[in-house]
Amino acid sequence: MDPLKIHFEVDGEDFSSAGEASVEMKKKLRQLGIPADVIRRCSIAMYEGEINMVIHAHGGTADVEVYPDRIVIILEDHGPGIPDIDLAMQEGYSTANDRIHNMGFGAGMGLPNMKRYTEDMTVESTVGVGTKVTMTVKL
Amino acid sequence: MKISEIKNLLDAETLCCDEELDSEVESAFCCDMMSDVLAFASSHSVLITGLLNPQVVRTAMMLDMKCIIFVCGKSPTPEIVSLARENGIVVLVTGHYMFAASGLLYNSGKLSGV
Ligand SMILES: Nc1ncnc2c1ncn2[C@@H]1O[C@H](COP(=O)(O)OP(=O)(O)O)[C@@H](O)[C@H]1O
Ligand SMILES: [Mg+2]
């Protein structure tokens, strides 16, 4: 069965709008009658991922695919890439600056949170090319 | 605990969604790091924070929170308040600092910390 697909453009220039795609996704999932716990986990994972694309990668795209048994969230950007993914995945590791800290992010908990709240997460990244994060939450 | 009781306990001012003051809340979480809120706060909690930006409201939305309390008398911008209003989230501002505000609510015995 073809999944239901929802596409979002994530603006990397406007910090104050960061998180809007996640808000939209959450509304759509609620309309679809997805269970609250699944929505919560998708929302947290997508929000952290969206914020990362804004603060670290000048924006990107988010694609959400709803299958009968799972939700897949694909975040893709053409930012600087992540040189050491294992290091980036460590709790507390962050290259964030003060501007990011002032937003309440940059504590190095984003990627670990995304992993914690999803059943599966893969990070593909090439320095100078971009980053693709694929997350699956089971229904 | 009703949000109106929280408002009274903290001598707080309501900036939006007065009509929701009768709503019941069961837990609270205080933090300025939004990643920690996302990681550790339970859904429907009250969020106590000293951070002022739209991401605070969006973080609260991710967790279906009904009320945000800004401490230290910090006034959120109209953009923050209107985002909260559109989404039915009560915004309170209290002159208490975060430690005192949290202590007062904790001492009420009516809110859990998880
Ligand atoms: N989309 C991305 N593009 C480039 N670098 C990223 C991206 N996402 C994360 N990173 C890198 O990984 C680090 C850790 O990310 P994260 O755990 O979300 O913490 P934080 O965002 O708080 O710094 C970031 O500080 C950044 O260096
Ligand atoms: Mg992050």
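Rules used throughout
Residues numbered from 1 in each chain as written. Chains lettered and ligands numbered in written order. Predicted model: local features only at pLDDT ≥ 70, side-chain atom pairs only at ≥ 80, totals over all residues. Heavy atoms only, no water. Salt bridge = Lys/Arg side-chain N within 4 Å of Asp/Glu carboxyl O. Buried < 20%, exposed > 50% of the residue type's maximum accessible area, 1.4 Å probe, protein only. Pairing = 2+ DSSP bridges. Helix = DSSP H or I, 4+ residues; strand = E, 2+ residues; numbered from the N terminus. Axes fitted to C-alpha atoms, helices over the stretch in contact; angles between N-to-C directions. pLDDT = per-residue confidence, 0-100. Near = heavy atom within 4 Å. Polar contact = N/O pair within 3.5 Å; in protein donor to acceptor, adjacent residues only side chain to side chain. Areas by Shrake-Rupley, 256 points an atom, 1.4 Å probe, with all protein chains shown as cover.

1. Looking at the pattern of salt bridges
Pairing between side chains of opposite charge can happen when the charged atoms of each approach one another. Per the stated rule, a full pass over the model turns up 9 salt bridges over all chains. A salt bridge links Arg70(A) to Asp69(A), with the shortest nitrogen-to-oxygen separation between them at 3.0 Å. Arg70(A) gets classed as partly exposed once you look at its relative accessible area, which sits at 29%. Taking relative accessible area as the criterion, Asp69(A) reaches 44% and is therefore assigned partly exposed. What you see here is one network of salt bridges that share partners, running through Lys26(A), Arg30(A) and Asp64(B).

2. Comments concerning the sheet that holds strand S4 (residues 120-126) of chain A
All names here are of chain A. The antiparallel open sheet is built from 5 strands, whose spatial order is S1-S2-S3-S5-S4. Here the strands that pair on one side only, and so sit at the sheet edges, are strand S1 (4-11) and S4. Across this sheet, the average inter-strand angle for adjacent strands is 10 degrees, counted without regard to direction. In this structure, strand S3 (residues 70-77) lies alongside strand S5 (residues 130-138), joined through 8 bridges in antiparallel fashion. Looking at S5, one finds that valine 72 is bridged to threonine 136.

3. What to know about the confidence of the model for chain B
Chain-level statistics for chain B give a pLDDT mean of 96 and a share of 100% at 70 or above. In the predicted complex, the global pTM is 0.94; the interface-specific ipTM is 0.91.

4. With respect to the sheet that holds strand S3 (residues 46-49) of chain B
All names here are of chain B. Taken together, 5 strands build an open sheet; the order of strands is S1-S5-S4-S3-S2 and the sheet is mixed. Only two strands of the sheet have a single neighbouring strand rather than two, namely strand S1 (13-16) and strand S2 (28-30). In this sheet, neighbouring strand axes are inclined to one another by 25 degrees on average, regardless of whether the strands run parallel or antiparallel. Note that S2 and S3 share 3 bridges and pair parallel. Residue pairing across strands places phenylalanine 29 opposite leucine 47, the latter belonging to S3.

5. Quick word on the site of ligand 1
All names here are of chain A. Surveying the vicinity of ligand 1 reveals 19 residues, the closest of which are Asn52, His56, Ser94, Thr95 and Gly108. One of the backbone nitrogen or oxygen atoms of alanine 107 is found 3.1 Å away from an oxygen atom of ligand 1. Here ligand 1 loses 94% of its free accessible area of 530 Å² to cover by the protein chains. With 4 residues, helix H2 (residues 36-57) is the single largest residue contributor to the shell around ligand 1.

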